[in-house]
Amino acid sequence: MAYDSSKEFARGIGGVLVATIIFGVPLFFIRGSISVATSALVFVVPVVIGTVIGGFRVGVIGAAIGFLVYDFFFIPPFYTLSVGADQNWIALGVYVVVVLVVSRVVSNLGEARAISLRESSINLRLFELSQMLIGDKSLSDLANSIALNLCDAFILEFVVILVENSGALEPIAVVGKIDVAILLEQFKADNDHLMQNLDLGPNSELNVDRLFAIALTVQAKPVGILVVKFKSAKREDLRILNTFANQAGLALNHARLAQEAKHARMMAESQRWQRALLGTVSHDLRTPLTAIKASISNLRDPCLEIEAADRDELFRMIEAQADRLSRLVVNLLDMSRLEAGALEPRFSPVEIDVLIEEGIDSLMLTGELKESIEIFISPEVPDVMADHTLVAQVVGNLLDNAIRHSPANSVVDVAARLQDGRVLIEIRDRGPGVDKEDESAIFRMFEQRLNGGRAGIGLAIAKAFVEAHGERISVRNAPDGGAIFFFTLAIAPMETIHEL
């Protein structure tokens, strides 16, 4: 804390005058009953008050004011500046020495306290900056936090953090009023080496028209440049700023490396998804396309004599496989919605039997396949709160999976019942079941199985739609064979049902 500002000086002088009046007036009326030495002790207090507020200079002026008031009003003969007795000279001399010593001591304590508070503030900022090293902020967010910390810790007009991008300096954080374009032009004109590979040495400083540029380096490698402009700079501020710059360089380098690693992971994941998408779509497309191609080839072969019933069966197969291709396209579109984050369920009360029937109808099954689906809905099952379209597609995808993995002429069961305050929907097939190690992986997008398996886009879409409702979906093997896929839905509140 500095006591040199005009405002603090004026406040200190005002404090001395007010305290002198407050203590002097009562003392004036009882001066005949107290000793000269007692009056001197009282007038030490205004000097201490002034020193605390305005510093040592105010203390000296306060001592002079106290000296004059003490001599004029409290040392006989009164109302003159002459001193009568020799002991009064001693009292005045002791008063002056004491108040000057006290002023110096109080001023030093105030300055020491101010320095301690400032050091504590700087240490706190350094600690906060060090905490950023273990944070997970982006490079731009971290740079803005560093710039704000600097402005809080030092008296600065502005802070600019520059990093190199394609051979040129680019600002990533600006705090305060500054035209960055003009600043960069000034650097380029006066200090061209700043624009070339950031080749300032560690902790080097460059003063350009009261601007301080400090290289942010990590292990002698440049990370960026910190540019600040002090309103009033001291050498101690620059020393602390260099320490701050060291921590800032580490934090920025950490964020940059984390950003590059994240980008590399995203690129690797994107490539993995592209390969998986190609493999999965190729697998899901191959079967229906092969069936359609074989059926059409048979129908067009003039050498084959196909009876009417067989011809109808081939047409039905073409239609079924075309429907399967249509569902695959729908699933691919839904997958793109999931990746874009555009999946937002629209909740409304809906009857569970309606959802199941719409899921079955979405498959457009032939008579025999549709009759192979048996539905059992427990009488106590209430309406559910769900997105009508999404849940119907979940039921359709799970039924399609069950039918494809069930033996011919087998039954697929669909059941709904209450469990733990929610509606549980189960779809059971009579197929080979699911390997224990595949129960969680089977719902992963583009999960591939060497043995063919059940994994595919449809199950991944079903899982995503159910989880978008805040519910769960899973699979287990039935005791007597086959797999049971099940998911939960929330019960619709009674008031929403009444509103309908």
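Residues numbered from 1 in each chain as written. Predicted model: local features only at pLDDT ≥ 70, side-chain atom pairs only at ≥ 80, totals over all residues. Heavy atoms only, no water.

**Things to note about the environment of E380**
Stage number 1. Considering the arrangement of structural elements, one finds E380 in the loop between strand 7 (373–377) and strand 8 (384–386).
Stage number 2. As a C-alpha pair, E380 and V423 span 43 residues in sequence and 10.0 Å in three-dimensional space.
Stage number 3. At a separation of 2.4 Å, a polar atom in the side chain of E380 contacts the side chain of S378. (Helix = DSSP H or I, 4+ residues; strand = E, 2+ residues; numbered from the N terminus. Polar contact = N/O pair within 3.5 Å; in protein donor to acceptor, adjacent residues only side chain to side chain.)

**Quick look at a nonpolar patch on the surface**
Stage number 1. A cluster of nonpolar residues, V18, I22, F23, V45 and I49, forms a patch on the protein surface that exposes about 380 Å² of accessible area.
Stage number 2. Secondary structure elements with two or more residues in the nonpolar patch: helix 1 (6–29) and helix 3 (44–54).
Stage number 3. Take the nonpolar patch: its biggest share by element is three residues, from helix 1.
Stage number 4. We classify I22 as exposed; its relative accessible area is 54%. (Patch = residues over 30% accessible without salt bridge, like charges linked within 9 Å, V, L, I, M, F, W, Y side chains within 5 Å. Areas by Shrake-Rupley, 256 points an atom, 1.4 Å probe, with all protein chains shown as cover. Salt bridge = Lys/Arg side-chain N within 4 Å of Asp/Glu carboxyl O. Buried < 20%, exposed > 50% of the residue type's maximum accessible area, 1.4 Å probe, protein only.)

**Concerning the pairing of strand 12 (residues 483–491)**
Stage number 1. For strand 12, the buried fraction is high: seven of the nine residues fall into the buried class.
Stage number 2. As defined by bridge partners, strand 8 adjoins strand 12 across two bridges and the pair is classed as antiparallel. Within strand 12, the position partnered with V384 by the bridge is I491.
Stage number 3. As paired strands, strand 10 (residues 422–428) and strand 12 are joined by six bridges and run antiparallel to one another. From the neighbouring strand, L424 faces strand 12, where its bridge partner is T488. (Pairing = 2+ DSSP bridges.)

**Quick word on the packing of helix 12 (residues 388–404) against helix 13 (residues 457–468)**
What describes two packed helices is the angle between their axes and the distance between those same axes.
Stage number 1. Close contact between helix 12 and helix 13 brings their axes to 9 Å; oriented N to C, the two are set at 150 degrees. Compared by their axis directions, helix 12 and helix 13 come out roughly antiparallel. Considering the relative orientation of helix 12 and helix 13, their crossing is left-handed. In this structure, helix 12 uses L390, Q393, V394, N397, L398 and N401 to contact helix 13, whose residues at the interface are G458, L459, I461, A462, F465 and V466.
Stage number 2. Residue classes in the contact of helix 12 with helix 13 are distributed as eight nonpolar, four polar and no charged. (Axes fitted to C-alpha atoms, helices over the stretch in contact; angles between N-to-C directions. Parallel < 35°, antiparallel > 145°, perpendicular 65-115°, else oblique. Left-handed = near helix turned anticlockwise from the far one by under 90°. Contact = heavy atoms within 4.5 Å. Nonpolar A, V, L, I, M, F, W, Y, C, P; charged D, E, K, R; others polar.)

**Remarks on the packing of helix 3 against helix 4 (residues 56–74)**
Stage number 1. Axis separation between helix 3 and helix 4 bottoms out at 7 Å; the angle between their running directions is 155 degrees. When the axes of helix 3 and helix 4 are compared, the pair comes out roughly antiparallel. Judged by the sense of rotation from one axis to the other, the crossing of helix 3 with helix 4 is right-handed. Contacts between helix 3 and helix 4 involve V47, G50, T51 and G54 on the former and, on the latter, F56, V58, G59, G62 and A63.
Stage number 2. Here the residues of the contact of helix 3 with helix 4 are counted per class, giving four nonpolar, five polar and no charged.

**A short note on the pattern of salt bridges**
Stage number 1. Scanning all chains against the criterion turns up 10 salt bridges.
Stage number 2. Here E471 ties to R422 by a salt bridge, and the two come within 2.5 Å at their closest N and O atoms. Note that E471 is positioned in the loop between helix 13 and strand 11 (473–477) and R422 in strand 10, a separation of 49 residues in sequence.
Stage number 3. Several salt bridges share partner residues, and in doing so they unite R417, E426 and R476 into one network.

**Here's the deal with helix 12**
Stage number 1. The terminal C-alpha atoms of helix 12, which comprises 17 residues, lie 25 Å apart, in line with the 24 Å expected from a rise of 1.5 Å per residue.
Stage number 2. The element helix 12 is extensively covered by neighbouring structure, given that 14 of its 17 residues are classed as buried. (Expected span 1.5 Å × (residues − 1).)

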